[in-house]
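Here's the letter readout for the chains.
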Amino acid sequence: MRLISQKDKAAAVSTLKKGGILAVPTETVYGLAVRLDNEPAILKLLTLKDRPVDSGKILTIMLPSI
């Protein structure tokens, strides 16, 4: 695990492009983020959350615009 400063956007983007998982602070809790187009990263996230792929539970998707 590597700590990335909130100001170091390039490191965060690089981590996501490499299939890494980011812990992102929100107003209430930390969210976990991966790239939507990186299936191995999504599977890694589901494993980390101890959530089977076929559990029927959804993941939140954040988009910059519609």
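Residues numbered from 1 in each chain as written. Predicted model: local features only at pLDDT ≥ 70, side-chain atom pairs only at ≥ 80, totals over all residues. Heavy atoms only, no water.

The next subject is the pairing of strand β1 (residues 22-25). Pairing of β1 with strand β2 (residues 30-33) involves 4 bridges; the strand directions are antiparallel. Directly across from Val24, in β2, lies its bridge partner Gly31. From the end of β1 to the start of β2, which pair antiparallel, there are 4 residues. (Pairing = 2+ DSSP bridges. Helix = DSSP H or I, 4+ residues; strand = E, 2+ residues; numbered from the N terminus.)

Our focus in this paragraph is helix α1 (residues 9-17). Taken together, the buried positions of α1 are Ala11, Ala12, Thr15 and Leu16. Mapping the buried residues of α1 onto a view down its axis gives an arc of 135°, with all of them on the same face. For α1, the exposed residues lying more than 90 degrees away from the buried face are Lys9, Ala10 and Lys17. Along its buried surface, α1 packs onto β1 and β2. (Buried < 20%, exposed > 50% of the residue type's maximum accessible area, 1.4 Å probe, protein only. Arc of directions from axis to C-beta. Contact = heavy atoms within 4.5 Å.)

Once that is clear, we can look at the confidence of the model for the chain. Any region with low pLDDT has predicted coordinates that should not be read closely. Residues with a pLDDT of 70 or more make up 100% of the chain, whose mean pLDDT is 89. The element-level mean pLDDT for the chain is lowest in β1, coming to 88, with helix α2 (residues 39-48) highest at 95. (pLDDT = per-residue confidence, 0-100.)

Where nonpolar side chains cluster on the molecular surface, the patch consists of Leu36, Ile61 and Leu63 and spans about 340 Å² of accessible area. Among the secondary structure elements, Leu63 is positioned in the segment after α2. (Patch = residues over 30% accessible without salt bridge, like charges linked within 9 Å, V, L, I, M, F, W, Y side chains within 5 Å. Areas by Shrake-Rupley, 256 points an atom, 1.4 Å probe, with all protein chains shown as cover. Salt bridge = Lys/Arg side-chain N within 4 Å of Asp/Glu carboxyl O.)

To continue, consider the side chain of Thr15. Relative to the elements of secondary structure, Thr15 occurs in helix α1. Apart from the residues lying within four places of it in its own chain, the contact partners of Thr15 are Ile4, Gly20, Ile21 and Leu22.

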